[in-house]
Amino acid sequence: MGIFSVLVDAPAHSGIAGALDYTSDHALKAGMLVRVPLGRREVLGLVWDCPTSTELDPQSLKPVLAAYTDLPPLNAAWCKLVQFGAQYYQRSWGEMAHQALPPQLRTLSDEQLQRRLKKLNTPGTPPQAPGPEALQPPTPTPEQAQVLQALQAPAAQDRTALLFGSTGSGKTEVYLRRMTDVLQHHPQAQALIMVPEINLTPQLEERVRARFEPLLGVGCVVSMHSAMTPAQRLNAWLAAHLGRARIVLGTRLSIFASIPHLKLIVVDEEHDPSYKQQEGARYSARDLAVYRGHLEGVQVILGSATPSLESWFQSRPAQGEDAGGRYLRLAMPSRVGDSALPDVKTVDMRMMPKGTLFAPLLLDAMRERVDRGEQVMVLLNRRGWAPVLMCTECDWKSQCPHCTAYRVFHREDRTLRCHHCGLSSRVPRHCPSCGNLDLGWQGRGTEQLHEHLTQWFAQARHPDDRPYSVLRIDADSTRHKGSLEQQLSQVHAGEVDVLVGTQMIAKGHDFRRMGMVVVADPDGALYSADFRAPERLFDLLLQAAGRAGRAARPEGAPPAQVWIQTRNPEHPLFAALRRHDYPGFAEQQLQERQLAGMPPYTHQALLRAEARQLSDALAFLDAARTAGLQGAADRITLYPPVPMAMQKVANAERAQMLIESVQRGALQQFLNTWSDALHATRTQHKRVTRWAIDIDPQAI
Ligand SMILES: [Zn+2]
Ligand SMILES: [Zn+2]
């Protein structure tokens with residue numbers, strides 16, 4: 001009988017930090033999945049390679065109940081990834097491991113798993129005849145060919161490369177060709193390709209299947225994302241784990257897929273904030289991808305038209321005393337098919353009467369485009385009719401009773417809705433405070449722009465003698481399953497003249513006929529308290545601009561245009577955008593960050609706490625800080641706790657405290673030593689309802 005360490009799913013702060021010891025008569029291997037007793041429950045466990053105490057009396061230990069012997073053990077590299085993730089993001093190994101496994105495994109008996117495996121082994125549908133995507137993939141442009149050559153170079157094989165390619169430069173084709181190379185080179189090789197949000201890129205999934213299924217067989221591609229059913233997720237996971245799936249295409253959770261023959265990782269839109277998990281273990285799938293590539297000695301390609309400043313900094317060329325960054329930077333500045341980047345122009349809204357939704361010259365320009373058979377996109381990152389409903393007589397506003405926020409006025413269904421806690425109520429007939437019947441609103445949302453444009457275009461008819469069609473796409477219009485796909489296909493089919501929407505429409509879509517993009521009101525982000533707001537705005541605007549003029553234009557047709565309505569036309573961000581100059585923008589931002597001592601020049605962690613009373617949350621953070629200051633090295637700064645900018649959400653008062661260091665290692669070391677004191681402090685502050693530590697936070 002042997003003693004084995006087993007990881008069980010225990011929250012980070014339950015006191016079970018690492019593994020528990022169990023006995024078994026079988027020779028269990030590290031990485032095997034087992035079922036073990038925990039308290040009165042029977043839970044999934046993972047046999048872990050760590051020394052067990054030799055002084056333990058086996059009689060005092062509980063036995064392993066069953067082992068999933070039909071399943072090959074998870075390999076050492078996977079276990080190391082989990083271990084690193086747990087340590088870096090300050091979680092327990094067990095919690096991290098279980099977050100990394102498909103949820104359905106937890107409830108499956110060994111017999112049920114055997115049935116699954118058997119099913120996976122039965123042959124599927126026979127391969128279809130290869131279509132044009134597989135038979136005649138597009139010929140690489142000179143820029144693509146150059147980048148591919150650089151990626152094939154022996155020195156690049158185990159490195160991280162930042163592929164900086166403008167929108168429409170054909171980054172996807174580079175990924176697909178690189179994958180083809182790697183997958184054909186090794187008969188078992190597997191590739192992981194990550195995307196920020198899979199439902200926004202069904203085109204990519206189709207393209208990957210069409211390219212590789214004729215080459216590697218049906219079933220060679222599996223998807224992994226949170227919208228799949230538990231059964232689908234388990235099947236995809238098993239297919240990758242058994243090596244049957246050669247390509248895993250997924251969102252951030254796919255970084256933990258078991259891929260035993262992993263030879264390439266691609267992270268598309270690497271700058272996208274959705275790679276950062278916002279609950280539980282707050283990991284960055286992009287950062288873990290870089291670590292996993294390093295761990296397994298495989299190439300990682302990070303692709304973006306607006307790289308994160310962290311990745312841009314990591315890929316800086318050597319200069320003077322600076323040896324440069326660790327990543328290889330590869331650039332593809334041109335668009336495929338000679339379609340020029342659109343002209344970017346600003347409209348000075350200070351010259352317009354207050355409350356103007358669209359400058360008259362833009363309405364005329366939209367109409368001209370539409371009459372020529374082109375489409376127009378109008379972008380506003382705010383849904384609903386208006387962000388605030390207000391009384392014209394007294395000072396009543398539609399404040400949410402549970403949050404530090406206003407309830408948004410949705411005119412379509414006559415509701416006031418809080419976008420933070422979800423509270424929804426009917427729009428009042430009169431002012432709840434003074435009874436005045438005349439209620440007004442402040443600001444604008446997508447509903448209002450949609451209505452305004454619908455009415456404006458209803459005054460005339462298209463030269464084809466049909467009414468103009470204005471469509472809105474946002475989280476409200478796409479609440480029902482399948483409605484987003486249906487609305488997008490309307491746009492692709494050319495049934496829509498003007499498309500109004502939030503950032504949902506700005507990213508990833510390949511709208512071939514989009515001749516003009518109007519950015520209705522981006523100014524809020526210029527003055528946000530979050531130091532990453534300009535970076536996000538630049539990305540959003542450049543992405544939106546990237547939707548315009550993707551198809552080559554007929555001779556004599558005016559170039560595609562992007563119009564930005566702003567009260568700050570002289571802002572340097574817009575100047576850089578007019579030049580399509582991401583490097584210039586990034587340089588300026590990096591200089592600011594260096595002067596202000598912000599990432600990537602420093603490394604940060606946030607300790608957050610929630611309580612019914614703000615003072616309770618602050619008291620916990622204060623005590624945690626005092627404990628931290630006793631052990632802190634001089635390279636660590638612990639800032640005093642402050643209420644969060646949005647102080648109250650769903651009646652929880654929220655506060656946070658920033659911890660900073662110029663050295664990542666020093667910060668990690670400090671957090672590890674602080675951890676015990678934090679847990680002890682927590683038990684003394686019982687009125688704190690939730691707390692969490694966020695490493696490399698994306699929003700402050
Ligand atoms: Zn009133
Ligand atoms: Zn609320």
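Attention here is on the structure that accompanies the text. (Residues numbered from 1 in each chain as written. Chains lettered and ligands numbered in written order. Predicted model: local features only at pLDDT ≥ 70, side-chain atom pairs only at ≥ 80, totals over all residues. Heavy atoms only, no water.)

Comments concerning the packing of aromatic side chains
Geometry of an aromatic ring pair is reported as the spacing of the ring centres plus the angle between the planes.
Reasoning step 1: A full pass over the atoms with the stated rule returns 18 aromatic pairs.
Reasoning step 2: On the numbers, 4.1 Å between centres and 5° between planes, the contact of Phe-538 with Phe-585 is stacked. Here Phe-538, found in helix H14 (residues 533-546), pairs with Phe-585, found in helix H16 (residues 582-596); they are 47 residues apart in sequence, far enough to count as distant.
Reasoning step 3: Residue class for Phe-538 comes out buried when judged on its relative accessible area of 0%.
Reasoning step 4: Taken together, a centroid distance of 5.8 Å and an interplanar angle of 70° make the contact between Phe-620 and Trp-691 edge-to-face. Of this pair, Phe-620 sits in helix H17 (residues 614-631) while Trp-691 sits in strand S28 (residues 688-695), and the two are 71 residues apart along the sequence.
Reasoning step 5: Classification of Trp-691 by relative accessible area gives buried; the value is 15%. (Phe/Tyr/Trp six-rings, centres within 6.5 Å; stacked < 30°, edge-to-face > 60°. Helix = DSSP H or I, 4+ residues; strand = E, 2+ residues; numbered from the N terminus. Buried < 20%, exposed > 50% of the residue type's maximum accessible area, 1.4 Å probe, protein only.)

A few points about unusual backbone geometry
Reasoning step 1: Residues Pro-599 and Pro-600 are joined by a peptide bond in cis, for which omega reads 5°.
Reasoning step 2: Take Pro-600: it is sitting in the loop between H16 and strand S24 (603-611).

Observations concerning the coordination of the zinc ion (ligand 1)
Reasoning step 1: Looking at the metal site, the zinc ion (ligand 1) is ligated by Cys-391 (SG), Cys-394 (SG), Cys-431 (SG) and Cys-434 (SG), spaced 2.3 to 2.4 Å from it.
Reasoning step 2: Sequence positions of the donors to the zinc ion (ligand 1) reduce to the motif C-x2-C-x36-C-x2-C. Highlighted residues: Cys-391 in strand S15 (residues 388-391) and Cys-434 in the loop between strand S18 (424-426) and strand S19 (439-442), separated in sequence by 43 residues.
Reasoning step 3: For Cys-434, a relative accessible area of 42% corresponds to the partly exposed category. (Donors = N, O, S within 2.8 Å, 3.2 Å for Na, K, Ca; no water.)

Concerning the packing of helix H5 (residues 142-152) against helix H6 (residues 171-185)
Reasoning step 1: Interaxial distance between H5 and H6 falls to 10 Å at its minimum, and their mutual angle equals 40°. Classified by the angle their axes make, H5 and H6 are oblique. As for the relative orientation of H5 and H6, their crossing is right-handed in sense. Between H5 and H6, the contacting residues are Gln-144, Val-147, Leu-148, Leu-151 and Gln-152 on the first element and Glu-173, Val-174, Arg-177, Arg-178 and Asp-181 on the second. (Axes fitted to C-alpha atoms, helices over the stretch in contact; angles between N-to-C directions. Parallel < 35°, antiparallel > 145°, perpendicular 65-115°, else oblique. Left-handed = near helix turned anticlockwise from the far one by under 90°. Contact = heavy atoms within 4.5 Å.)

Re the coordination of the zinc ion (ligand 2)
Reasoning step 1: Within the protein, the zinc ion (ligand 2) binds to Cys-400 (SG), Cys-403 (SG), Cys-418 (SG) and Cys-421 (SG); these donor distances fall in the range 2.2 to 2.3 Å.
Reasoning step 2: Because the angles between the four donor atoms bound to the zinc ion (ligand 2) fall within 106 to 112°, the donor set is best described as tetrahedral.
Reasoning step 3: On the primary sequence, the residues serving as donors to the zinc ion (ligand 2) are separated as C-x2-C-x14-C-x2-C. Highlighted residues: Cys-400 in the loop between S15 and strand S16 (408-410) and Cys-418 in the loop between strand S17 (415-417) and S18, separated in sequence by 18 residues.
Reasoning step 4: Taking relative accessible area as the criterion, Cys-400 reaches 2% and is therefore assigned buried.
Reasoning step 5: Residue classification places Cys-418 among the buried residues on the basis of a relative accessible area of 3%. (Tetrahedral: all angles 85-135°; square planar, octahedral: opposite > 155°, others 65-115°.)

Describing the pattern of salt bridges
Reasoning step 1: A complete count under the given rule lists 35 salt bridges for this structure.
Reasoning step 2: Residues Arg-316 and Asp-322 are paired through a salt bridge, measuring 2.6 Å at the closest nitrogen-oxygen approach.
Reasoning step 3: In this structure, Arg-608 and Asp-694 form a salt bridge, with 3.5 Å as the shortest nitrogen-oxygen distance. Highlighted residues: Arg-608 in strand S24 and Asp-694 in strand S28, separated in sequence by 86 residues. Like Arg-608, the residue Asp-694 is buried in the burial classification. (Salt bridge = Lys/Arg side-chain N within 4 Å of Asp/Glu carboxyl O.)

Structural notes on the sheet that holds strand S1 (residues 2-8)
Reasoning step 1: Reading across from one edge, S2-S1-S4-S3-S5 is the order of the five strands in this open sheet, with antiparallel pairing throughout. Among the strands making up the open sheet, the edge pair consists of strand S2 (20-24) and strand S5 (66-67).
Reasoning step 2: Bridging between S1 and S2 involves five bridges; their strand directions are antiparallel. The residue of S2 that forms the bridge with Gly-2 is Ser-24.
Reasoning step 3: Sheet strands touched by helix H2 (residues 93-100): S1 and strand S4 (41-48). Its angle to S1, the strand with the most contacts, is close to 70°. (Pairing = 2+ DSSP bridges.)

Points about the layout of surface pockets
Reasoning step 1: Of the pockets and cavities examined, the second largest pocket occupies roughly 930 Å³.
Reasoning step 2: If you trace the second largest pocket, you find 40 residues lining it, with Asp-287, Val-290, Arg-326, Tyr-327 and Arg-664 closest to the centre.
Reasoning step 3: Among the elements of the structure, helix H1 (76-88), helix H9 (285-296), helix H10 (309-314), H14, S24 and helix H18 (664-684) are those that each provide at least two residues to the lining of the second largest pocket.
Reasoning step 4: The element that contributes the greatest number of residues to the lining of the second largest pocket is H9, accounting for six residues.
Reasoning step 5: Class assignment of the residues belonging to the lining of the second largest pocket gives a composition of 13 nonpolar, 13 polar and 14 charged. (1 Å grid on protein atoms, 1.4 Å probe; cavity = no way out; pocket = protein on both sides within 12 Å on 5 of 7 lines; lining within 4 Å. Points joined across faces, edges and corners; volume = space filled by probe spheres on them. Nonpolar A, V, L, I, M, F, W, Y, C, P; charged D, E, K, R; others polar.)

Overview of empty space enclosed by the protein
In this approach the atoms are scanned with a rolling probe the size of a water molecule, which exposes any empty space left behind.
Reasoning step 1: One pass over the structure, following the stated rule, counts two cavities of 30 Å³ or more.
Reasoning step 2: By volume, the largest cavity amounts to about 90 Å³.
Reasoning step 3: Residue lining of the largest cavity: Gln-99, Ala-100, Leu-101, Pro-102, Met-224, Arg-233, Trp-237, Leu-253, Ser-254, Phe-256 and Ala-257, and that is the complete set.
Reasoning step 4: Looking at side-chain class alone, the lining of the largest cavity contains eight nonpolar, two polar and one charged residues.
Reasoning step 5: For the second largest cavity, the calculated volume is near 60 Å³.
Reasoning step 6: Lining the second largest cavity we find His-271, Pro-273, Thr-306, Pro-307, Glu-535, Arg-536, Asp-539 and Tyr-582.

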